[in-house]
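# Secondary and tertiary structure notes
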Amino acid sequence: ALALGFDDPAPDLMEHKPRPLKQPILSTSQWVRIALIGILMSIGTVYLEKINEATSQELAFTMGFVFFSLCIVVLALSSRSETASAFNRDIVKNRHQLSLYGLSLLMIILPVKLNFIQSWLGLTEITFNQWLICIGFAFALLLVDEVIKFFMRRSRSQHENEIKTAVAAATD
């Protein structure tokens, strides 16, 4: 919602033809990407909770909460474009969008740091290394999404080249 609601529109937005009414809003490749990312988020959350469960239930919940929440922020950054990389400087151009990402990160940190929110949510303080583990897992998810985007760009480029070749052949 952050990327969709507050991001600047793509510069070439009006150059795209509207989607035909009969065409689904999400393509098969988009559904596969959403499902894969969701499954990986679920696996990561359950894994982090399971390996920390022996220490304490609160630690397990906290690790799951932090990882899952960081994934939401990471995916907000990544979902700004279906095929363009999240690793670009476009994000710093929109200060409002950047401040919303910062606010999201603050809403992840506060429940872990403030005692009254910790007890209300059943969370606990985590160490710096535990933060790094959650950040690393979330970053790994971003890298998986970047690989998916790479193949989507490649596939789309090949499809566009085939169309150009077919059009050129038809006009000759």
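Everything numeric here is computed off the predicted structure, so don't read it as measured data.

## Some points on the packing of aromatic side chains
For any pair of aromatic rings, the description consists of the separation of the ring centres together with the inter-plane angle of the planes. Summed over all chains, the structure comprises three aromatic pairs. With centroids separated by 6.0 Å and ring planes inclined at 10°, the aromatic side chains of Tyr47 and Phe137 adopt a geometry described as stacked. Pair noted here: Tyr47 is in helix 2 (residues 28–52) and Phe137 is in helix 6 (residues 128–171), with a separation of 90 residues, a long-range link. Here Phe137 falls in the partly exposed class, since its relative accessible area comes to 30%. A network of ring pairs unites the aromatic residues Tyr47, Phe67 and Phe137 as a single cluster.

## Regarding the packing of helix 2 against helix 3 (residues 57–78)
Contact geometry for helix 2 and helix 3: axes closest at 7 Å, N-to-C directions at 155°. Between helix 2 and helix 3, the crossing angle belongs to the class labelled roughly antiparallel. For the element pair helix 2 and helix 3, the recorded crossing hand is right-handed. Touching Arg33, Ile37, Met41, Gly44, Thr45, Leu48, Glu49 and Asn52 of helix 2 are Leu59, Ala60, Phe61, Met63, Gly64, Phe67, Phe68, Cys71, Ile72, Leu75 and Ser78, all from helix 3.

## Things to note about the side chain of Glu146
Note that Glu146 resides in helix 6. Lacking a salt bridge, the buried Glu146 has Lys149 as its closest oppositely charged neighbour, with an N-O distance of 4.1 Å. Those residues in contact with Glu146 that sit more than four places away from it in its chain are Ser78, Ser85, Ala86 and Phe87.

Calculation rules
Residues numbered from 1 in each chain as written. Predicted model: local features only at pLDDT ≥ 70, side-chain atom pairs only at ≥ 80, totals over all residues. Heavy atoms only, no water. Phe/Tyr/Trp six-rings, centres within 6.5 Å; stacked < 30°, edge-to-face > 60°. Helix = DSSP H or I, 4+ residues; strand = E, 2+ residues; numbered from the N terminus. Buried < 20%, exposed > 50% of the residue type's maximum accessible area, 1.4 Å probe, protein only. Axes fitted to C-alpha atoms, helices over the stretch in contact; angles between N-to-C directions. Parallel < 35°, antiparallel > 145°, perpendicular 65-115°, else oblique. Left-handed = near helix turned anticlockwise from the far one by under 90°. Contact = heavy atoms within 4.5 Å. Lys, Arg positive; Asp, Glu negative; His and termini not counted. Salt bridge = Lys/Arg side-chain N within 4 Å of Asp/Glu carboxyl O.

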